[in-house]
Amino acid sequence: MNPRHLEKPTAFAELFRRHDANPILTALEWPYPVHSVFNPGATRLADGTTLLLCRCEDRRGFSHLTVARSDNGVDGWKIDPKPTFSPRPDKFPEELWGVEDPRITYLADEGIYVVAYTAFSKDGPGVSLMTTKDFKKFERIGFAMQPDDKDAALFPKKFGDKYALIHRPASDISANMWISYSPDLKSWGGHKLLLPARRGAWWDAQKIGLNTPPIETKQGWLVIYHGVRRHASGSLYRLGLALFDLNNPEVCIKRGQPWFMGPETMYEREGDVPNVVFPCGHTIANDEDTVRLYYGAADSCICLAVSSIKDMLAWLDENGTDMVGVAGIPAERSALNATPT
Ligand code: BMA
């Protein structure tokens, strides 16, 4: 049982409701030995099946990816009997220390899934891409972004004739979200700052990074990101929301001020890395509104929380700051303006 202060920590309205069955997947359910399962990418296949591409950590500390399928997205998971996608450092040296945190984007025009994942190389984590049609055979494209870079996902649509990727390069002085473009998923350029971490006491002051692929709505692209706040005993990973222009994703229209979900339950507060909620995927139901967020809790297990596009937009209206045109800053500079002091 949760200690009393963890039971219902606050009176804040809940945007995403945690599923009663949480955690929905743990290492205990795995058909072969793994230490932990977390941070899954997610998608719904054409037949309505929910597919999770789960990050599984072994007892060396290295991660691989394994597929779990369910008819209802909650239980009855059928897990591949052995690793679905293992690191191949012999051919792809950037995968020396494993593959992590996959984000799945379906490109409807081409009928392929593009998975952006973290390849843990000798020089640190970088962003790799692979494509698949069936989650059985995979084609690696290789490093899209060299180290230090992670937290990447492709937009499901092209802008003009270019694919667009959100990612998070990190240096000693910053860890902000960037956007880059490519004509072929191989050469990347046009790099621009998309959303910076805030500063000082903000919940997203030290580092931020994309979580799930951008969600297309009539009002713009909804982007779920994590913010990290470091404190005396470690880091707190919480989730925030921002809205970007449909035709020009570099323009931030709104940025939520508070986090909308943070570690509150026992399974989010305790585990290998305490105080972490970290989604890498969501699915949208047939009603085109219900959003199911699949997240890693405390880098230990897989959980589900449910909301809707309608509620996410309403939450941003209530809790967001308008970013465009604030203080006379034109739309094209909105990313820089997204750092309230
Ligand atoms: C981030 C990522 C995630 C992880 C989180 C908390 O940097 O590496 O895979 O869940 O840290 O440990």
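Residues numbered from 1 in each chain as written. Predicted model: local features only at pLDDT ≥ 70, side-chain atom pairs only at ≥ 80, totals over all residues. Heavy atoms only, no water.

J.: Let's hear about the nonpolar core: which residues, and what values?
T.: Phe 16, Leu 222, Leu 241, Phe 260, Met 261, Tyr 295 and Met 312 are the most contacted members of the largest nonpolar core, which has 24 residues in total. Among the secondary structure elements, those contributing two or more residues to this core are strand 16 (220–231), strand 17 (234–244), strand 20 (290–297), strand 21 (301–308) and helix 3 (309–319). Looking at which element gives the most residues to this core, the answer is helix 3, with five residues. Not counting residues up to four positions away in its chain, the partners in contact with Met 261 are Phe 16, Arg 18, Arg 238, Leu 239, Glu 268, Val 277, Tyr 295 and Ala 305. (Core = buried A, V, L, I, M, F, W, Y, C linked by side-chain atoms within 4.5 Å. Buried < 20%, exposed > 50% of the residue type's maximum accessible area, 1.4 Å probe, protein only. Helix = DSSP H or I, 4+ residues; strand = E, 2+ residues; numbered from the N terminus. Contact = heavy atoms within 4.5 Å.)

J.: Could you give me a rundown of the site of the ligand, with the residues and numbers involved?
T.: Taken together, Asn 39, Arg 55, Asp 101, Lys 150, Tyr 237, Val 273, Val 276, Phe 278 and Asp 299 make up all the residues around the ligand. One of the side-chain nitrogen or oxygen atoms of Arg 55 is found 2.8 Å away from an oxygen atom of the ligand. Contacts to the ligand include Asp 101, whose side-chain N or O atom sits 2.5 Å from an oxygen atom. When the free accessible area of the ligand is taken as 310 Å², the share hidden by the protein chains comes to 87%. Taken together, the residues that form the shell around the ligand break down as four nonpolar, one polar and four charged. (Near = heavy atom within 4 Å. Polar contact = N/O pair within 3.5 Å; in protein donor to acceptor, adjacent residues only side chain to side chain. Areas by Shrake-Rupley, 256 points an atom, 1.4 Å probe, with all protein chains shown as cover. Nonpolar A, V, L, I, M, F, W, Y, C, P; charged D, E, K, R; others polar.)

J.: Account for the sheet that holds strand 11 (residues 163–169), with residues named and values stated.
T.: Across the sheet, which stays open at both edges, the four strands sit in the order 10-11-12-13 with antiparallel pairing between neighbours. Every other strand in the sheet has two partners, leaving strand 10 (149–154) and strand 13 (189–195) as the edge strands with one partner each. Adjacent strand axes in the sheet meet at a mean angle of 25° when their direction is disregarded. Sheet topology note: the strand 10/strand 11 ladder contains four bridges and is antiparallel. The partner of Leu 154 across the bridge, within strand 11, is Leu 165. (Pairing = 2+ DSSP bridges. Axes fitted to C-alpha atoms, helices over the stretch in contact; angles between N-to-C directions.)

J.: Outline helix 3, supporting the account with residue identities and numerical values.
T.: In an α-helix there are 3.6 residues to a turn, and that puts residues three or four apart on one side. Of the residues making up helix 3, those classed as buried are Ile 309, Met 312, Leu 313, Trp 315 and Leu 316. Relative to the axis of helix 3, the buried residues are bounded by an arc of 155° and lie together on one face. Those residues of helix 3 that are exposed and angled more than 90 degrees off the buried face are Lys 310, Asp 317 and Glu 318. (Arc of directions from axis to C-beta.)

J.: Any details on unusual backbone geometry? Residues and values, ideally.
T.: Cis geometry is adopted by the peptide bond preceding Pro 23, which originates at Asn 22 and carries an omega value of -10°. As for its position among the elements, Pro 23 is in the loop between strand 1 (17–18) and strand 2 (36–44). Cis geometry marks the peptide bond from Pro 147 to Asp 148; its omega dihedral reads -15°. Non-glycine residue Asp 151 carries a positive phi angle of around 55°. Mapped onto the secondary structure, Asp 151 falls in strand 10.

J.: So, the pairing of strand 3 (residues 50–57): which residues are in play, and what are the values?
T.: The element strand 3 is largely enclosed, with a buried count of eight among its eight residues. With burial as the criterion, each face of strand 3 is covered, one bearing Thr 50, Leu 52, Cys 54 and Cys 56 and the other bearing Leu 51, Leu 53, Arg 55 and Glu 57. Direction of pairing for strand 2 relative to strand 3: antiparallel, over a ladder of seven bridges. Each bridged residue has a counterpart across the sheet, and for Gly 41 the counterpart in strand 3 is Leu 53. From the end of strand 2 to the start of strand 3, which pair antiparallel, there are five residues, and Gly 48 there has a positive phi angle of about 90°. Relative to strand 4 (residues 63–70), strand 3 runs antiparallel, the two being bridged by eight bridges. Directly across from Thr 50, in strand 4, lies its bridge partner Ser 70.

J.: Help me get a handle on the packing of aromatic side chains, residues and values and all.
T.: A complete count under the given rule lists 15 aromatic pairs for this structure. Ring geometry for Phe 85 versus Phe 138: centroids 5.3 Å apart, planes at 70°, classification edge-to-face. In this pair, Phe 85 sits in the loop between strand 5 (78–79) and strand 6 (99–107) while Phe 138 sits in strand 9 (residues 138–145), placing the two residues 53 residues apart along the sequence. Owing to a relative accessible area of 2%, Phe 85 belongs among the buried residues under this scheme. Ring pairing ties together the aromatic residues Phe 85, Tyr 106, Tyr 113, Tyr 117, Phe 135 and Phe 138, which thus form one cluster. It is Lys 158 that lies over the ring of Tyr 163; its NZ or CZ is 4.6 Å from the centre. (Phe/Tyr/Trp six-rings, centres within 6.5 Å; stacked < 30°, edge-to-face > 60°. Lys NZ or Arg CZ within 6 Å of the ring centre and 35° of its normal.)

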